[in-house]
Amino acid sequence: LVCNKATYVPYYYSTDGYAALGVTDTTWAQQLPIKYSSNGTEVVWNWDGSNSFELYLMPAKSLELGTQAYYSLIGAPLVPPKYTFGFMASRWGWEDRQYMEDIMNKFRADKYPIDAIILDFEWFTNESDYSFQPQGKPNYQDFGFNWKTFSQPKEQLAAYKRNNFRVGGIRKPRLGDTDLLAMAKNNGWILGNGEPAGGYPPDQAGAYAKERNLDFANPAVRNWYSQNLAHFVEDGMDFWWNDEGETNVWTFHWWNVAQVQALRSKDKLKRFYSLNRAFTPGMARLGATAWTGDVDPTWEDLDRTPGLMLNWVLAGAPYVGCDIGGFTGNTQANLLTRWMQVGVFMPTMRVHSTFTATPHFPWLWGEAAATAMRHALELRYRLVPYHYSLAHALFSNKKMWIKPLVVEFPLDTDATHLSRQWMDGLILVAPVTKKNSRKSVYLPEGLWYPLAASPITRGNGRPIQGPTNIDEKASLDEVPAYVRAGTVLPLAPVVQSTEELPGGPLEVQIYSGADGSFDFVEDDGETILYKAGFRRTIQFVWHEADQRLAWSLSGYVLAPGANAFTKLFVTLFSTDGSSQTSDTWPIGVVGSIDLHIAQVTQEGSAVPNQVFQ
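Since this is a predicted model, take the numbers as computed values, not measurements.

Participant: Please clarify how the overall build of the chain should be interpreted in this entry.
Facilitator: Along the chain, the regular secondary structure elements total twelve helices and 34 strands. With respect to the principal axes defined by its C-alpha atoms, the chain has extents near 80 × 65 × 50 Å. Relative to its 613 residues, the chain shows a buried fraction of 60%. When contacts within the chain are restricted to residue pairs at least 6 apart in sequence, those whose partners lie at least 24 apart make up 71%. Looking at the chain as shown, the accessible area adds up to about 23000 Å², and 51% of this sits on carbon and sulfur atoms. Measuring between centres, the 52 positive side-chain charges of the chain sit 2 Å from its 63 negative side-chain charges.

Participant: Got a minute to help me understand the side chain of Gln 259 in this structure?
Facilitator: As for its position among the elements, Gln 259 is in helix H7 (residues 251-266). The class of Gln 259 is buried, set by a relative accessible area of 1%. When sequence neighbours within four positions are dropped, the list of residues in contact with Gln 259 reads Arg 171, Tyr 225, Leu 229, Trp 240, Asn 242, Phe 272 and Ser 274.

Participant: Please clarify how the sheet that holds strand S7 (residues 53-59) should be interpreted in this entry.
Facilitator: Pairing between sheet strands relies on hydrogen bonds along the backbone, with the strands arranged either parallel or antiparallel. Pairing is antiparallel across the open sheet formed by three strands, whose spatial order is S3-S4-S7. Each edge of the open sheet is held by one strand with a lone partner, namely strand S3 (11-14) and S7. Across the sheet, the axes of successive neighbouring strands diverge by a mean angle of 15 degrees, strand direction being ignored. As paired strands, strand S4 (residues 18-24) and S7 are joined by seven bridges and run antiparallel to one another. Across the sheet, residue Leu 21 finds its bridge partner in S7, namely Tyr 56.

Participant: Can you walk me through the state of the cysteines in this structure?
Facilitator: Note on terminology: disulfide describes a covalent bond linking the sulfur atoms of two cysteines. In the structure shown here, the tally under the stated rule is zero disulfides. This cysteine, Cys 322, is not joined by any disulfide, and Cys 3 carries the nearest cysteine sulfur, 17 Å off. Judged by its relative accessible area of 1%, Cys 322 is buried.

Participant: How do you make sense of helix H2 (residues 97-109) when you look at a structure like this?
Facilitator: Helical geometry note: an α-helix holds 3.6 residues per turn, so side chains three or four residues apart project in the same direction. Taking 1.5 Å of rise per residue, the 13 residues of H2 would be expected to cover 18 Å, and the 18 Å separating its terminal C-alpha atoms lies within 8% of that figure. Where H2 is concerned, the buried positions are Tyr 99, Met 100, Ile 103, Met 104, Phe 107 and Arg 108. Considering only its buried residues, H2 is in contact with strand S8 (87-91), strand S9 (116-119) and helix H3 (153-162). The N-cap of H2, judged by a side-chain oxygen 3.2 Å from the amide nitrogen of Gln 98 a few residues on, is Asp 96.

Participant: I would appreciate a short explanation of unusual backbone geometry in the present structure.
Facilitator: For residues besides glycine, phi is generally negative; the peptide bonds are generally trans as well. A cis geometry characterises the amide bond from Gly 466 onward to Pro 467, with omega recorded as 5 degrees. Along the chain, Pro 467 falls in strand S22 (residues 464-473). A cis amide bond links Leu 501 to the next residue, Pro 502, at an omega of 10 degrees. Unlike most non-glycine residues, Ser 437 shows phi in positive territory, near 55 degrees. With respect to the helices and strands, the residue Ser 437 is situated in the loop between strand S20 (427-429) and strand S21 (438-450). Ser 437 sits in the buried class, given a relative accessible area of 14%.

Participant: How should I be thinking about the environment of Val 406 in this particular structure?
Facilitator: Assignment of secondary structure puts Val 406 in helix H12 (residues 405-408). Along the backbone, Val 406 and Gly 176 are 230 residues apart, and their C-alpha atoms lie at a distance of 47 Å. With residues up to four places along the chain from it excluded, the contact list for Val 406 reads Leu 63, Ala 415 and Thr 416.

Participant: Looking at this model, I keep getting lost on the packing of aromatic side chains. Mind explaining?
Facilitator: Overall, the coordinates contain 55 aromatic pairs when judged by the stated rule. Summarising the aromatic geometry, the rings of Tyr 12 and Trp 45 are spaced 5.9 Å apart at their centres and angled 25 degrees between planes, so their arrangement reads as stacked. With Tyr 12 in strand S3 and Trp 45 in strand S6 (residues 43-47), this pair connects stretches of sequence that are 33 residues apart. On the accessibility criterion, Tyr 12 (10% relative accessible area) is buried.

Participant: What am I meant to see in a nonpolar patch on the surface here?
Facilitator: Taken together, Leu 269, Leu 529, Phe 534, Tyr 556, Val 557 and Leu 558 make up a surface patch of nonpolar side chains, about 530 Å² in accessible area. By the secondary structure assignment, Phe 534 is in the loop between strand S26 (516-522) and strand S27 (536-543).

Participant: Got a minute to help me understand the nonpolar core in this structure?
Facilitator: Across soluble globular proteins, nonpolar side chains have a tendency to be buried as a group. Membership of the largest hydrophobic core comes to 162 residues, with the highest contact counts inside it found for Phe 87, Phe 107, Trp 123, Leu 214, Phe 345, Ile 427 and Phe 540. With sequence-adjacent residues up to four places away left out, Ile 427 is seen in contact with Phe 345, Leu 383, Tyr 386, Trp 422, Leu 451, Ala 481, Tyr 482, Val 483 and Leu 489. Counting twelve residues, the second-largest nonpolar core is a separate cluster that includes Val 441, Tyr 442, Leu 443 and Tyr 482.

Participant: I keep staring at the pattern of salt bridges and nothing clicks. Help me out?
Facilitator: Applying the stated criterion across every chain yields a total of 33 salt bridges. Asp 303 serves as the salt-bridge partner of Lys 434, at 3.1 Å between the closest nitrogen and oxygen. Placement of Lys 434 in the loop between S20 and S21 and of Asp 303 in helix H8 (residues 299-315) is noted, with a sequence separation of 131 residues between them. The partly exposed category is assigned to Lys 434, whose relative accessible area is 38%. Here Asp 303 falls in the buried class, since its relative accessible area comes to 12%. One salt-bridge network, in which partners are shared between bridges, spans Asp 129, Lys 172, Arg 174, Glu 195, Arg 212, Asp 243, Glu 244, Glu 246, Arg 277 and Asp 294.

Participant: Looking at this structure, I do not really get the sheet that holds strand S14 (residues 274-276). What am I missing?
Facilitator: One open sheet holds the eight strands; their spatial order is S16-S15-S14-S13-S10-S9-S8-S17, and the pairing between them is parallel. Pairing within the sheet leaves two strands with one partner each, and these edge strands are strand S16 (320-321) and strand S17 (349-351). Judged from the four bridges that link them, S9 and strand S10 (residues 166-171) form a sheet pairing that is parallel. Across the sheet, the residue bridging to Ile 117 is Val 167, located in S10. Where H7 meets the sheet, its contacts fall on S10, strand S13 (239-242), S14 and strand S15 (288-291), and the angle it forms with S13 comes to roughly 160 degrees.

Participant: Before we go on, may I ask you to explain the environment of Arg 264 in this structure?
Facilitator: Within the element layout of this structure, Arg 264 appears in helix H7. The sequence separation of Arg 264 and Ala 230 amounts to 34 residues, and the corresponding C-alpha distance is 8.7 Å. Arg 264 has contacts with Leu 269, Lys 270, Arg 271, Phe 272 and Ile 528, leaving out every residue within four places of it along the chain.

Each value, and the rule that gives it
- Residues numbered from 1 in each chain as written.
- Predicted model: local features only at pLDDT ≥ 70, side-chain atom pairs only at ≥ 80, totals over all residues.
- Heavy atoms only, no water.
- Helix = DSSP H or I, 4+ residues; strand = E, 2+ residues; numbered from the N terminus.
- Buried < 20%, exposed > 50% of the residue type's maximum accessible area, 1.4 Å probe, protein only.
- Contact = heavy atoms within 4.5 Å.
- Areas by Shrake-Rupley, 256 points an atom, 1.4 Å probe, with all protein chains shown as cover.
- Lys, Arg positive; Asp, Glu negative; His and termini not counted.
- Charge placed at Lys NZ, Arg CZ, Asp CG, Glu CD.
- Pairing = 2+ DSSP bridges.
- Axes fitted to C-alpha atoms, helices over the stretch in contact; angles between N-to-C directions.
- Disulfide = S-S within 2.5 Å.
- Expected span 1.5 Å × (residues − 1).
- Polar contact = N/O pair within 3.5 Å; in protein donor to acceptor, adjacent residues only side chain to side chain.
- Phe/Tyr/Trp six-rings, centres within 6.5 Å; stacked < 30°, edge-to-face > 60°.
- Patch = residues over 30% accessible without salt bridge, like charges linked within 9 Å, V, L, I, M, F, W, Y side chains within 5 Å.
- Salt bridge = Lys/Arg side-chain N within 4 Å of Asp/Glu carboxyl O.
- Core = buried A, V, L, I, M, F, W, Y, C linked by side-chain atoms within 4.5 Å.

Honestly, it's all geometry; don't read function into it.
Spelled out as structure tokens, the structure:
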């Protein structure tokens, strides 16, 4: 089932040691006519017997291995463009060109890091189409620009890109222009049903846009659509925000196929990227990502967000975002701030709001909230190279990036059902999601350090021995996050967009107490050449016994171009609560920093002793 705010996939993992996916070639509008149920001892699958049914069984000893097998079956998730690992600002209600440019300038002037803006109806037409009848309206623009926001599309988009802003636009899977609708109906290109209203369960009685939704499963529809969409690539639009495609189970998939086709007709190498309100397994192999739908601006919906993200990741959507702050009405300063802090550790970080609500731009919510949100954004950008490397591991090895604690700690029964905290790679994240501003954290077995990547994570203190629970008051500018002993964590300097990377030397944080390693991956951030091996990897290895960080570089050395990190320094956090920072050194093909005797070697030659700061 696909609908606003919910996606259900006929897939599960069993602790009997296997994963299972059911597939049929027939749909009932938004539903697949298959389901499974369990009585505790056996699983029973049911489907419409008149249709074909395939059941894929994947032997796997753990949930992690089962998920890896599942992603191998449905297709490796492509690495999104690097700018998507930053922050994106969306709203319904961008008034005109001047307003758009004022907002972008405000982000830059007040130093709120950002990489993209996302525009609603107002970018391509002067009215929404919700009230349209099946015949549409004359002169409605389905494939144009609205002159109020884009009086000079190519010139504007080029200028925004020079200021390090990418632009994404909303798309609907339907037509509004009378002539285009008549042509599509004559060709048999229109689905018979409308878009269900509401959320879950979908409201079929209130369905809208009836007799206007394109049947993207038809190759002729995809060819026609891609031809009409292609000019936007030349004009400078960067990506698509695909909304209200729950007209059929497979609409989002085939819609994205048509959009990829449009991009490839103009650019053979650029990475495709889209945001979609629902998903089906395998869409990530196209470059399509998902967001969790039109959530409400409530503490309840914030509290549900981590669990929804984790379920979607397990179900086949590894890149998940949400409408930070809630979409459907006005939010509150503290709620928006806490939601932003959650977004820092999600694959996609994006605010969104309806046209009647105050936009979720940080400076509109008071000084305390604005400062806390700026700090959250700065942490997000420090984590970009770390997250980007995890995305490459997901593509190359199907290694999970975002995962529930039960994946990392399968034998810990206290971690099994936790859904408000998760593993962001090596980082255990437990952000505040309740109005009472209390941090409620469970730390499994091991030695845990408070993350020292930002002042808001309250790091650089003595580690904590797990298993243990933490239940304390948390300030508005605080995000509980922890890493285990042996963690090797690469961090960028604070920059205002991913285009400013590297922005200075790479900081490699070491949390002592155990051996550790990390594969740091770089490429050009824009093209699909990484799929052909045009990427470089720096393998960092921490040797606890002799307090030495070693590294070796492999792959295509020049792949990152001017955005490559060329220097690094190391910060070591010790079990006694102390820390020390090395001098900054060039990154050679091979090298090491011996923190025990304060000596660096690089490319086989000694470098003079360094002084710890």
